[in-house]
Structure formats: structure tokens, C-alpha cells
Amino acid sequence: MSSSYVEDPAPGHGSLPPRAAFSSDARSMSLAGTWRFNLSPSPEAAPEGIARDAFDDSTWGTLTVPGHWQLQGHGKPAYTNVHYPFPVQPPLVPSDNPTGDHRLTFDLPAGWPDEPAVLRFDGVDSCAKVWLNGEELGVTRGSRLPSEFAVGHLLRPRANVLAVRVHQWSSGSYLEDQDMWWLSGIFREVTLLSRPVGGVEDYRLHADYDHVSGLGTLSLTAAEGVLLSVPELGVEDLPAGRPVELAVEPWSAESPRLYHGEVHTAAERVPVRIGFRTVVIEDGLLKVNGRRVLFRGVNRHEHHPRFGRALPREFALADVLLMKRHNVNAVRTSHYPPDPYFLQLCDTHGLWVIDECDLETHGFGDLGWAGNPSDDPRWGEAYLDRMRRTVERDKNHPSIVLWSLGNEAHTGRNLAATAAWTRERDPSRPVHYEGDFECEYVDVYSRMYADHAEVDRIGRRDDPNERRRSLPFLLCEFAHAMGNGPGGLLEYRELFERYPHAQGGFVWEWLDHGLARRDAAGREYFAYGGDFGEQIHDGNFVIDGLVHPDRTPSPALAEFAKVFEPVRIGASAEGVRISNHYDVVGSSHLVFRWTFEDDGVEVAAGELAVPEVHSGQSRDVPLPRLPGASGEGVLTVRAVLAADTGWASPGHVVAWGQLPVTPAADPVPAAVGAPLLRERGLLRLGPGAFDAATGRLVALGGHRVEGPRLDLWRAPTDNDRGSDDPEATQWRAAGLHRLQHRVAEVDGQASALVVRTRVAPPGLGFGMLTEYHWTADGDRLRLRVDLEPAGEWPCTLPRLGLRMAVPGGFGGVEWFGAGPGEAYADSRQAARTGRFSSTVDALQTPYVYPQENGNRADARWLRLTSAGGAGIRIEGEPVFDFTARRWTSEDLDAARHTVDLVPGELVHLNLDLAQHGLGTASCGPGVLPRYRLHAQKASLTLTFSPITLEGAARWPVRPRSASSRTRTGTVSGTSRSSGSACAWSA
Ligand code: IPT
């Protein structure tokens, strides 16, 4: 059998013209299940005659279809972002081209009609030849697109033999260089569909909405004899080509009103769901139903840690529910049309969708785009074919508001021709493609990873290109969510709100594409590029999502939900200000609940009466009657769903804000007065015992500790390791990971201990003069650390604070501060002020590639206790940040997978003044200037106390003074805290 079709740049052949994806009352049969499977190293090595009935496949293995063979024990997954994993010689592919033969023998179910039938493949990666009962049907290409073959004449009641030969590489691979795992096989549904004579071949629903008249216009495009009925609208048997005007409720992502109907003939009935909406570009704005929309979007790949892109339906639903619950309102289907079921969910639950064609030729960028298919006429038909199959399949989804030609394929005539075809075929949706930088053939200006300053320029229409200046702008990718980050999301939102035509963006990306594996001890972890022995790969660049591979939300998703909350709640002169940031709906679906906390303890709660606030408007309502507070009094107002929405239950929190009502009490009076006592090699001060030679605290109460010392290091994040001049590289060059502590003086005074040190890296001349100033009373030990840089510090600092270690038994954690999740200077909107309890283990964020994580901000106090209740308490003056881990920063730095982190004997604490921000330098801008941490003169004061069992009952008693104290750093949920600088007393 010749395999020359594999390298043909033309589209596949033998299939039927593309049409809308739909199911009907016609019979159908899923062919999903266990198939026979055999993998050969090349097309030539593949067995002869697999299409024949008599072919003996009894020696073959089996494979679950849909599925990828690499995830079922045949061959291995491989990850590259940009590079092709084979020599670039288009359209030729390696002769070592793994070829998977699939065979299925099936009977027709009883009563299967003797009528035409179609065999549909929803996705085969990358190219397949298909035979039924010995007859060749054709060749598929376009992995994430459907192919249908007419098979009615070939079917028999029993023992039909379907044979599919799938090649890992084909000419199509050149067009499918998306940043994801290379995974092959029949990975989406295979269905046999009876096609009744006189049935519905294809149809197009037009459901426009005129926001001025409030009328919808409904019409059908279909073959003669096909009718549309929508009983709810009184539409009965509407023939094609006869528009009707009707009073309707429009569809939007916020109010996804669908009308149920039927497209039908005498022979077939197709259930349809109609959403009325009109997308236009007007006055440089993209509007739906007359209103500017703001995309608070994500890029979504289809991925599952065990099934790859063969994503079971429940995970598509899980994605949509998680998105809706985290205030995501838009999805770009990067970088291919998703399984059609996902779009049904977007229609149902309400998400704006950019539906993107299965196209990316990024690897040609490495060749300066020489030979790029986008401008090579040999590939013209393939480009058009892919876009046609995208648009025809998905044209009836109200959720789709833009078509996208593909991703990272540079520019060229084939893209321009594809855009022209698309616009003509469907004038009702604008065309998107980021690679058309001059905007010659697209309808919106799209960029990826533009930094804040550039978005600001675009917002100001400061652009020499007149065409670009006139278009709506969106960021098809931004806020690269790799590892710990993104930082700077809030500042993007501010730009989207400042400039009407800056219509939001799509975070890169939704999900970490980790693959589940187990280590020798049987512990599960997630693998990334290089873990399968790939020769070339891009490591953990595939781990860059807002949710972890198992779909647990990462802290970044909480941040997204808070930053893009559609209602904003804050303080006003009148009391509480409620601002509606929805594009369309009012606030009547929400209930406003408040709680009042005194030093983090709830003392009152109620419901706030809020009259309806319309989209784009604000209203002030008076504060509820609040009781007095003996400590820090904080009012929290939450906007929660009043009723079930289908994507969340009543009570789900959509938005929240905090208002500081009563300032914090004065700090605990300084612990002073206890005398310094000397004892063989030790100095004793209050509850503390110090090494007399080094001045380091070695015990607190009865607990052995490794006392606090200056520490600047953090295990670099992916963002620290990103950019051309990575921060992490500069930090390492500056030796910040191996500082030495030279003790200059241990100065024991009558009732104080002063330890003077110089902390500096080996081989370099700069350092940090660090003075530890200890005092105590009977129970508490107070430390003031004064820092002063000496010499020229060459780079920013990862952190500025102390590290210490306490017994491993102190695994319970409680604090009053920001929480419950991790927070960093430029990613801390999701953290609210409150009292939180957790465990050391639960404070860790299990980033697939281990790195700095778990920082809790603005702690007023922190307690670490054992199950028995003994432990330590640390108080800030006024606040500090902390992490608590069962391993050191160095261990975290050295780890490559989560299973490399092995709990040790101690709990390691970082107690910080500040950390450097996160930024998004792994792909995009670094840390904004205001969140960068520099060496500077500073001081940090903390009070340490041992907790004994009877002592535990004595806390927290803090006398309250009449004088109020202004805290550094605001605690309001709506205004930004002053970031890394907030905890400084410089
Ligand atoms: C951009 C790609 O479009 C996307 O698929 C992904 O690879 C992302 O980068 C990084 O994770 S392209 C890049 C040149 C900005």
C-alpha cells in the first residue's frame, strides 16, 4: 500500500462536504470502545491487507477508542512548544513515522434502517486512511476537525470491518505545531449515523437581535423542504429563507437565553437551541447586542492528565463550571476547534467564544519563516479546507462571536484568502488572527503578551498605523500563568476599564498539561517535556495554566476571579459602594450578605438591602448597624447568587469587598525588662536561650529552634527564570542563594542582646549589615532587625526577611492576616483579611515544577502548634509575610517534580518584610517597577512566644488603646494594597 498520501499537502480526500455538527432522531451508533490495535515503526513496516475481512488481527493488542496510543502503552508522548520534532522539509515527514492500525468489527443494531449512512470521525491525529468492509473510503487530515464518509452502500447487518491506519506524522503536522503534547490516534468520537432520505443534510440558523427595537430576526438556511419550529416563540414550520421578526430575550454570556426548537423534515427532526445576538464592530468597538463587551477570558486547550486530548465529556463540563464560578466570561479555543460538546456547554452556561481553526506553523519562525506554508500556494487548499470545516461545523453556536484563523502562522496569502472566505461565508462574525500584525485582513487588532505600557499606548490610540487605530483591541494571550503567577493582572484590568476599545483578553492558559505518572514508590506526580526521553523538548513550558493538571484551581484562578469580579464592593462616604461591572445584566440575581469581624472573629452578620444596580452603574448604601469591636473591626460584604444558575448554587460568592471599620489596636507593648543571664555557652533572655558565640536563638521556652537569621533567597519561580536576562540568573550570580553570616559582635547588655553581623555572598564585595536587637519580658522575646546595605547591590532581591526552623511537630497553623490563599505583592487581590487555620502541609501549593509558593501576607500574628497544643506564636509590628514548609528553600529550588520534596524533621519558616513580585517574564513582561524589591535600609520587628498548654489559653489578649493607628497597607478588598512596599518601615 502506498503511503504517498501522507506527505500530500492537499487536504484529505474521499470525505463529504463539511456541515453543521448535530444529532437528530435518526439512528446512530457510537463506535467508541475497545478496538484491535497494532503499532508499526513506519508505514512501510505496517502489515499488508488490514482492510480485508479475513485479516487476522488476533495477535494484535487492544486500544480504547477514542484515545491516544502513546497514553496506552504504545510509543511515548513528546512535548515541544515551537520546534518541529523532525527536520523541516515541507511537506515531507520522517520515514520513521509511527503508524497505528486500528480495526473494529461491529454488527448493526437491530432495526438499523436500510438507508444512506455516514461514518463520522470527530478527530484523528494526524492523518488516516479509512476502509470499511474492504473498500477504501479516503484519507483524513486536520486532526481536530471532523471527517465524514458515505458508507450506507457498504454496510451489512453483521461483522462490518472498519480499518483505520493512522500516521503520527503527515503533511498536516506542519500545520499543527501547537504548543502541546504530540499525541496520536483516533482521539475523538467515531459515530455511524443513519442519514434518512429526505432528512436534514445541513442547516444554518440566523438569530439576530436588534437592541433598539428589542426584536429578534430568525431565519433558516437549508435545503428545500426543511422547516424550523420554535413553539416557545410561536414559530411553526418556518421554511428556509423567510425571516420572521419576534419579540425575544437576547442571548449573552451573562444571560444565556436559549430557545428550544426543531429543524425538521418529514424524515428527520433535529433539536436546536437558538440564541439571539448580533455582533458588530461600530465606532471602533466590538459590540454584542449594542453593548461593548469585555473579554475576561482564558485560552483553553483540551487536556487530561491520563487521556490527553481524548477528553471525556465530564471534564469539558468541569472546565465550564470552574470558569463560570471564577468569573471567566470568554474562551479562545486555542489553537483548534474543541470537541463540539464544549461549545454546547458554552451556549448553555454562557461564555463568549473565539473559535479558532486548527492551524499553527510556529516552527517556521526558527527558520525566519522561510518556507512557511501560510504564503506557499501549495498549501492554499489545506488552509481553506481547515477553516471551512471549522466554520461549517460550528456555525450555529450563539456563543461563538469571533472566528480565528489560527495561531502563530506568521502571515501570507493563504491566511488572507481564508479570512476572505470566512467573511463571505459568515458576515455575522468578525475575523480574528493575531499574526496579521498590520490588520490587513482581520477585523480586530489582537496582540499577545503586550506589556502594560504598550496596552496603555494602544488604549490611547498612539499608533502610526491607521487601520489598527480604528479597530477594537484585544489580547488573545496575556498574563502567562506558568507556575507561580501571573503578577500584574489587576493593572491589566485597570487598562481594560480605562480604554473602551481595549476589550480585554485571554489569559494564557486555562490548564497545566501535565501527564500523570508514578515514581518508583508509587507516588503520583505530573510529567512534563523531557520526562519521556524526548531528544528535543521544552520542559515545563507546557505547565502554564490557571488550574493544575487535575483541575484543582491554582491560586492564580482565585486571583483571576477576584480581579475580574463583575461587581465591585468598596467603601464610599455613604457607606458601601456597589458597582456593577457586568456588560449586560443588573444585580437582581444577587444577594448582598455581610459579616463583621473583630480581630478576625465574626461578631455580627446580616443581609444588606441593595436596590437593583444596572450594568455600568454604582450605588451607595448605608453601612449596616455594627457592634463595637475590641480589636480590628472589618466589614466584609459578599455578593452571592440568589438562585441556582446551572453553573453554581445559591450562595455562591460572585464578588466581595472589605471595609476597615475599626483600626487595629496598638501593638502588644514591647517585651522589655527581663535580664540577660549567662550560663555555660548560653545566654538567656526571657523565654529565649542563645548560643553565646553566635548570638543565635537556639531555644524558645522548652522548644529547640534554629533562630531567625536574615535570608534573601526564594526558590525561583518560572517567572523568575524567564526573560532574556532572568532575575533568577542575576540572583544566583550575586550569590543570594549562598549568603554567609559573619558575626561581628555578640553584645550582651543588662536586659538586651545585640548581635551585629554582615551577611554577604562569597567572592563578592557587597553585603547587608544586619543587627539583631533582642529584648524580653517573662514570656515574650522581641526582635528588631535593622538592615543596611553595604556596597553596590547588583540586582533585585527575591525576598527580604528572616528564616528560622521550629520542631516538625508544630504542624498546625493559625494566623490573623491576609488569606486564606497565597499572596504576593502583585497577585494578592484574592486574599482577604481574616483569621485562618490550616496545616503546614496544606499551606503548600503543589506547582508541578516546584518553586516558591504558599506565601501568606500581612500576618498580624501567627501560631504554629502541635496536636497537643504546644507551639510558638509570632506577632508582627504591625505585620509580616510568612511561609511554613517541611523543606528548605534550597530543597524547593533543587526539586524538579513534586515527589522530589521530602518532608524533613523541622518546619522551616520564612518571616518576611517583603518579597519581589511575580510578574510574567516566563512569557511576557516582568515585574512592574512598583513591585520590584531592592536592597534598602529597613527594619522588621517580631515578637516570639512559646505556647505551653496553660499559656495557650492566655492569648490573644491585646489591650486596646484610645489612640488609633494607621496601618501600612490597606485591607480593603477593593483598593490595592501598596504591594511589596507595604510592610516596610524604611
Ligand atoms: C504563544 C503561543 O501562541 C501559545 O500557544 C503558547 O505557546 C504561548 O506562547 C506560551 O506558552 S507564542 C509566543 C511567541 C509568545
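Quick notes on the rules
- Residues numbered from 1 in each chain as written.
- Predicted model: local features only at pLDDT ≥ 70, side-chain atom pairs only at ≥ 80, totals over all residues.
- Heavy atoms only, no water.
- UniProt positions renumbered as here; feature names shortened; annotations may be inferred.
- Pairing = 2+ DSSP bridges.
- Helix = DSSP H or I, 4+ residues; strand = E, 2+ residues; numbered from the N terminus.
- Axes fitted to C-alpha atoms, helices over the stretch in contact; angles between N-to-C directions.
- Near = heavy atom within 4 Å.
- Polar contact = N/O pair within 3.5 Å; in protein donor to acceptor, adjacent residues only side chain to side chain.
- Areas by Shrake-Rupley, 256 points an atom, 1.4 Å probe, with all protein chains shown as cover.
- Domains from an automatic or database assignment.
- Buried area = accessible area lost by both parts, 1.4 Å probe.
- Salt bridge = Lys/Arg side-chain N within 4 Å of Asp/Glu carboxyl O.
- Core = buried A, V, L, I, M, F, W, Y, C linked by side-chain atoms within 4.5 Å.
- Buried < 20%, exposed > 50% of the residue type's maximum accessible area, 1.4 Å probe, protein only.
- Contact = heavy atoms within 4.5 Å.
- Phe/Tyr/Trp six-rings, centres within 6.5 Å; stacked < 30°, edge-to-face > 60°.
- Lys NZ or Arg CZ within 6 Å of the ring centre and 35° of its normal.
- Parallel < 35°, antiparallel > 145°, perpendicular 65-115°, else oblique.
- Nonpolar A, V, L, I, M, F, W, Y, C, P; charged D, E, K, R; others polar.
- Expected span 1.5 Å × (residues − 1).

The protein has the name Beta-galactosidase in an unreviewed UniProt entry, where Amycolatopsis carbonis is given as its organism. The protein has a UniProt comment under Sequence similarities (unreviewed entry) that states "Belongs to the glycosyl hydrolase 2 family." Under the heading Catalytic activity (unreviewed entry), UniProt records this for the protein: "Hydrolysis of terminal non-reducing beta-D-galactose residues in beta-D-galactosides."

A. Spatial organisation of the sheet that holds strand S6 (residues 117-121). Strand order across the open sheet formed by four strands is S1-S14-S6-S10, with antiparallel pairing between neighbours. Edge positions in the open sheet fall to strand S1 (28-30) and strand S10 (147-150), since each of these has one partner strand only. Looking at each pair of strands side by side, their axes are set apart by 20° on average, direction ignored. Here four bridges tie S6 to S10, and the two strands are oriented antiparallel to one another.

B. Quick look at the site of the ligand. The environment of the ligand is formed by 14 residues, the closest being Asp 179, His 335, Asn 407, Glu 477 and His 480. Taking Asp 179, its side chain carries an N or O atom lying 2.5 Å from an oxygen atom of the ligand. In the environment of the ligand, an oxygen atom lies 2.7 Å from a nitrogen or oxygen atom belonging to the side chain of His 335. The fraction of the free accessible surface of the ligand (390 Å²) that becomes covered by protein chains is 84%.

C. View of the sheet that holds strand S11 (residues 160-167). Across the sheet, six strands lie side by side as S3-S2-S5-S11-S8-S9; this open sheet has antiparallel pairing. With one partner strand each, in any of the chains shown, strand S3 (61-65) and strand S9 (135-141) form the two edges of the open sheet. Across the sheet, the mean angle from the axis of one strand to that of its neighbour is 25°, orientation sign disregarded. Across five bridges, strand S2 (residues 33-40) lies against strand S5 (residues 99-106) in antiparallel orientation. Within S5, the position partnered with Leu 39 by the bridge is Gly 100.

D. Spatial organisation of the domain arrangement of the protein. You can read the domains of the protein as domain 1 (4-194), domain 2 (203-280), domain 3 (292-510 + 554-561), domain 4 (565-662) and domain 5 (676-980). With centres defined by C-alpha atoms, the gap from domain 3 to domain 4 works out at 34 Å. Buried area between domain 3 and domain 4, both sides added, is near 1000 Å², and the carbon and sulfur share of it is 40%. Contact with domain 4 buries area across many residues of domain 3, yet Arg 296, Arg 325 and Asn 327 alone supply 43% of it, more than any other trio. Between the two partners, domain 3 and domain 4, sit two salt bridges. Taking the shortest distance from any N to any O, the salt bridge between Glu 497 and Arg 568 comes out at 2.5 Å.

E. Quick peek at the nonpolar core. Grouped together as the largest cluster of nonpolar side chains are 75 residues, with contacts concentrated most on Val 298, Phe 478, Val 507, Trp 510 and Leu 546. Once you skip the residues sitting within four places of it in the chain, Trp 510 turns out to touch Val 298, Asn 299, Arg 300, Asp 319, Leu 322, Met 323, Gly 545, Leu 546, Val 547 and Leu 557.

F. Quick peek at the pattern of salt bridges. For the structure on display, the rule yields 72 salt bridges. A salt bridge links Arg 120 to Glu 148; its shortest N-O distance comes to 3.4 Å. In this pair, Arg 120 sits in strand S6 while Glu 148 sits in strand S10, placing the two residues 28 residues apart along the sequence. As far as burial versus exposure is concerned, Arg 120 and Glu 148 are alike and both buried. Through salt bridges with shared partners, a single network forms among Asp 125, Arg 144, Glu 176, Arg 309, Asp 358 and Arg 386.

G. Layout of the environment of Leu 608. Positionally, Leu 608 belongs in strand S38 (residues 601-608). On the accessibility criterion, Leu 608 (8% relative accessible area) is buried. Taking C-alpha positions, Leu 608 is 43 Å from Arg 886, a pair spaced 278 residues apart along the chain.

H. Summary view of the packing of aromatic side chains. Scanning the model with the defined rule gives 31 aromatic pairs in all. Ring centres 6.0 Å apart and planes at 45° place the aromatic pair Tyr 174 and Phe 364 in the tilted group. Of this pair, Tyr 174 sits in the loop between S11 and strand S12 (180-182) while Phe 364 sits in the loop between strand S27 (352-356) and helix H3 (380-394), and the two are 190 residues apart along the sequence. For the pair Tyr 174 and Phe 364, a shared accessibility class is recorded, and that class is buried. Aromatic rings pair up to connect Tyr 84, Phe 86, Trp 169, Tyr 174, Trp 182, Phe 364 and Trp 379 into one cluster. Arg 144 extends its terminal NZ or CZ atom over the ring of Tyr 336, reaching a point 5.1 Å from the ring centre. Positioned above the aromatic ring of Phe 437 is the side chain of Arg 468, whose terminal nitrogen or guanidinium carbon lies 4.7 Å from the ring centre.

I. The arrangement of the pairing of strand S37 (residues 590-598) in detail. Within S37, eight of the nine residues are buried, which leaves it mostly tucked inside the rest of the structure. Judged from the nine bridges that link them, S37 and strand S40 (residues 633-641) form a sheet pairing that is antiparallel. Bridging from a neighbouring strand, Asp 598 pairs with Gly 633 of S40. Pairing of S37 with S38 involves seven bridges; the strand directions are antiparallel. Paired with Asp 598 across the bridge in S38 is Val 601. The hairpin turn running from S37 into S38, its antiparallel successor, is two residues long, and Asp 599 in that turn takes a positive phi close to 50°.

J. How the structure looks around the UniProt feature "domain: Beta galactosidase small chain/" (unreviewed entry) in the protein. This chain's UniProt record puts "domain: Beta galactosidase small chain/" (unreviewed entry) on residues 688-945. Note that residues 688-945 is 5% helix and 48% strand, and that its end C-alpha atoms are spaced 9 Å apart.

K. Seen up close, the packing of helix H5 (residues 452-459) against helix H7 (residues 489-498). For the pair H5 and H7, interaxial distance at closest approach is 10 Å and the crossing angle is 0°. Accordingly, the angle class assigned to the pair H5 and H7 is roughly parallel. On H7, the residues that touch His 452, Val 455 and Asp 456 of H5 are Glu 491, Tyr 492, Leu 495 and Arg 498. Residues of the contact of H5 with H7, tallied by class, amount to three nonpolar, one polar and three charged.

L. Just the environment of Pro 789, in detail. Mapped onto the elements of the fold, Pro 789 is located in strand S51 (residues 781-790). Excluding anything up to four places from it in sequence, Pro 789 contacts Gly 767, Met 768, Ala 935, Gln 936 and Lys 937.

M. The arrangement of the pairing of S5 in detail. Counting buried positions along S5 gives seven out of eight residues, so the element sits mostly inside the fold. Two elements, S5 and S11, share eight bridges in a ladder whose sense is antiparallel. Counted as the bridge partner of Phe 106 is Asn 160 from S11.

N. Molecular detail of the environment of Tyr 492. For Tyr 492, the location among the structural elements is in helix H7. Here Tyr 492 is in contact with Ala 450, Asp 451, His 452, Val 455, Leu 475, Phe 478 and Pro 925, once residues within four sequence places are set aside.

O. Inspection of helix H1 (residues 313-325) at higher detail. Counted at 1.5 Å a residue, the expected span for H1 with its 13 residues is 18 Å, and the 18 Å between its end C-alpha atoms agrees. The set of residues buried in H1 consists of Ala 316, Asp 319, Val 320, Leu 321, Leu 322, Met 323 and Lys 324. Where the residues of H1 are buried, they touch strand S25 (295-299), strand S26 (330-332) and helix H2 (340-349). The first or second residue beyond H1 is Asn 327, which carries a positive phi of 65°.

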